[in-house]
Amino acid sequence: MWMGLHRLALKALFSVNALSIFGYATFSRNTQLLVKYPWTQPIFEGSYAFFARLQIALALIAMVSLLQSKVSWRWIPAFLTAVVISLTSELSGTTWGLPFGSYEYTDLLGPMILSRVPYLIPLSWFFMGIASYAISLAIISENSFSLFRPLLAAWILVSWDLTLDPAMSHLAPFWTWNEAGAYLGTPLLNLLGWFVTGLFIMLSFETIRVRNWLLQIPTSSFVVFYACNLLLPLGIVAAAGIWEAIIISGVCYGLVGIVFLIRKIFWASPKVLTHFPIK
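1. Digging into the packing of aromatic side chains
For the structure on display, the rule yields 16 aromatic pairs. On the basis of an interplanar angle of 85 degrees and a centroid distance of 6.0 Å, the ring pair of Phe 100 and Tyr 103 is categorised as edge-to-face. For Phe 100, a relative accessible area of 1% puts it in the buried group. Classification of Tyr 103 by relative accessible area gives buried; the value is 3%. Measuring from centroid to centroid gives 6.0 Å for Tyr 226 and Tyr 253, while their planes differ by 90 degrees, and the two rings are edge-to-face. Linking Tyr 226 in helix α9 (residues 219–239) with Tyr 253 in helix α10 (residues 243–267), this pair joins segments that are 27 residues apart in sequence. For Tyr 253, a relative accessible area of 24% gives the class partly exposed. An aromatic cluster is built from Phe 100, Tyr 103, Tyr 105, Trp 125, Trp 160, Trp 175, Trp 177 and Trp 194, whose rings are joined through pairwise contacts.

2. Let's talk about the packing of helix α6 (residues 148–170) against α9
The N-to-C vectors of α6 and α9 enclose an angle of 35 degrees; their axes lie 8 Å apart at closest approach. Crossing of α6 over α9 shows left-handed handedness. On α9, the residues touching Ile 156, Ser 159, Trp 160, Thr 163, Leu 164, Pro 166, Ala 167 and Met 168 of α6 are Tyr 226, Asn 229, Leu 230, Leu 232, Pro 233, Leu 234, Ile 236 and Val 237.

3. Some details on the side chain of Asn 190
Examined against the element boundaries, Asn 190 turns out to sit in helix α7 (residues 188–207). Overall, the relative accessible area of 2% leaves Asn 190 in the buried class. Once residues within four sequence positions are removed from consideration, Asn 190 is found in contact with Phe 100, Asp 161, Asp 165 and Trp 177.

4. Description of a nonpolar patch on the surface
Among the surface-exposed residues, Trp 155, Trp 243, Ile 247, Val 251, Leu 255, Ile 258, Leu 261, Ile 262, Ile 265 and Phe 266 lie close enough to one another that they form a single nonpolar patch of about 1000 Å² accessible area. Locating Ile 265 in the fold gives a position in helix α10.

5. A closer look at the pattern of salt bridges
Opposite charge on two side chains permits them to pair, given that their charged atoms come into close proximity. Taken as a whole and assessed by the stated rule, the structure comprises two salt bridges. With its nearest N and O atoms 3.4 Å apart, the salt bridge here joins Arg 211 to Glu 206. Here Arg 211 and Glu 206 have matching classes, each one buried. Bridged by salt links that share partners, the residues Arg 149, Glu 206 and Arg 211 form one connected network.

6. Description of α7
The end-to-end C-alpha separation of α7 is 29 Å, in line with the 28 Å expected for 20 residues at 1.5 Å each. Listed as buried for α7 are Asn 190, Leu 191, Gly 193, Trp 194, Thr 197, Gly 198, Leu 199, Ile 201, Met 202, Ser 204, Phe 205 and Glu 206. Considering only its buried residues, α7 is in contact with α4 (76–96), α5 (120–139), α6, β4 (175–177) and α8 (211–214).

7. As for α9
Compared with the 30 Å implied by 1.5 Å per residue over 21 residues, the 30 Å span of α9 between its first and last C-alpha is a close match. Roughly 35 degrees is the biggest bend found in α9, and it falls at Leu 231, with proline Pro 233 one to four residues downstream. With its phi angle positive at about 75 degrees, Gly 241 sits one or two positions after the end of α9.

8. Side note on the environment of Val 83
For Val 83, the location among the structural elements is in helix α4. Taking the C-alpha atoms as reference points, Val 83 and Ser 249, separated by 166 residues in sequence, lie 25 Å from one another.

9. Describing the packing of α5 against α6
Running from amino to carboxyl end, α5 crosses α6 at an angle of 130 degrees, the nearest separation of the two axes being 8 Å. The angle between α5 and α6 places the two elements in the oblique class. For the pair α5 and α6, the crossing hand works out as right-handed. For the pair formed by α5 and α6, the contact residues are Trp 125, Met 128, Gly 129, Ser 132, Tyr 133, Ile 135, Ser 136, Leu 137 and Ile 139 on the first element and Arg 149, Leu 152, Ala 153, Ile 156, Leu 157 and Trp 160 on the second. Of the residues assigned to the contact of α5 with α6, the class counts are 11 nonpolar, three polar and one charged.

10. Here's the deal with the nonpolar core
Ranked by size, the top nonpolar core spans 88 residues in total, and within it Phe 126 and Leu 214 carry the most contacts. Per-element accounting of this core gives the leading share, 14 residues, to α5.

Thresholds, definitions, all that
- Residues numbered from 1 in each chain as written.
- Predicted model: local features only at pLDDT ≥ 70, side-chain atom pairs only at ≥ 80, totals over all residues.
- Heavy atoms only, no water.
- Phe/Tyr/Trp six-rings, centres within 6.5 Å; stacked < 30°, edge-to-face > 60°.
- Buried < 20%, exposed > 50% of the residue type's maximum accessible area, 1.4 Å probe, protein only.
- Helix = DSSP H or I, 4+ residues; strand = E, 2+ residues; numbered from the N terminus.
- Axes fitted to C-alpha atoms, helices over the stretch in contact; angles between N-to-C directions.
- Left-handed = near helix turned anticlockwise from the far one by under 90°.
- Contact = heavy atoms within 4.5 Å.
- Patch = residues over 30% accessible without salt bridge, like charges linked within 9 Å, V, L, I, M, F, W, Y side chains within 5 Å.
- Areas by Shrake-Rupley, 256 points an atom, 1.4 Å probe, with all protein chains shown as cover.
- Salt bridge = Lys/Arg side-chain N within 4 Å of Asp/Glu carboxyl O.
- Expected span 1.5 Å × (residues − 1).
- Bend = angle between axes of the 7 residues up to and from the residue.
- Parallel < 35°, antiparallel > 145°, perpendicular 65-115°, else oblique.
- Nonpolar A, V, L, I, M, F, W, Y, C, P; charged D, E, K, R; others polar.
- Core = buried A, V, L, I, M, F, W, Y, C linked by side-chain atoms within 4.5 Å.

And the structure:
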C-alpha cells in the first residue's frame, strides 16, 4: 500500500511540476496572452498559491510513504529534528535577518507559524534534507560517525537552493528580500545560512544514526525524488533564461560526482559500490 502511494504521489509531483513550468513559461513570460485570452487570468492568478502548496504536499506524501514502506515509523525522530532546526533558523531569519539575510514570506504558501514562516516550509527542509543525506550516505557509508558525510549532504542541499531561490523569490513572489543580493537578487549570506542550517540538520541525522535504517532503502529512490523536486526550480530558471544559476548548480553537482568517483576509485568499500547504483 505505502509503495503504491509513493509511486502515485511521485507521478503526481512530476506532473504538477511539469505543468507549473509550462504555465510559467507560457503565461508569466508572455503576459499578453492573459489579455488575449481573458478566461485564463483568474486561473493564472490562483495557480501560484495552489500549485506551490500542492507541490510541497505531494513531495511530503511521496517521501513519507517511501520511508513508511521500508522502515515503518523509524523516520519520525529525523522528521522532528529537521523540523525543529529548520523552523528555528527560519524564524530567526524572518525576525532578525540571520542566518539567511532579511526576508519575508508572502501569503502564497499558506498559513504561517507566528505570522512569519509558512507551515509548509519546515516540511520541505525535512524531505529534501533526508534525500540529500541519503545521497551523501551512498557515497560515504561507513558505519561510524563521519563529519564529511554531513558536509557533503549540506552541499547537496544548498545546490538545490541555487535554482530554488532565484525561481521562488526573483521570478515568482513566494518570498521577498528586503535588500537585493549579489546572487541573482539573493544575498550571499542566504547561501551560507542554507549551508549552516543544512549542516545542523545533517549532523542531527548523523547523531541519531539515521544511517542505520536509511541504508535499507535503495539510493535510486532518493535520487529520483531529489531530481523530481529539482525539476521545478530548474525548469523555471531555464524558461527565464537565467543560465548562470543552471551553470553554477551544475558545477556544484559535478563536484558531488567527482567526490563519488574519487571514493569509488580510491576508498570505496563493497558496501558503497553495491548500494549506490540505481536499481
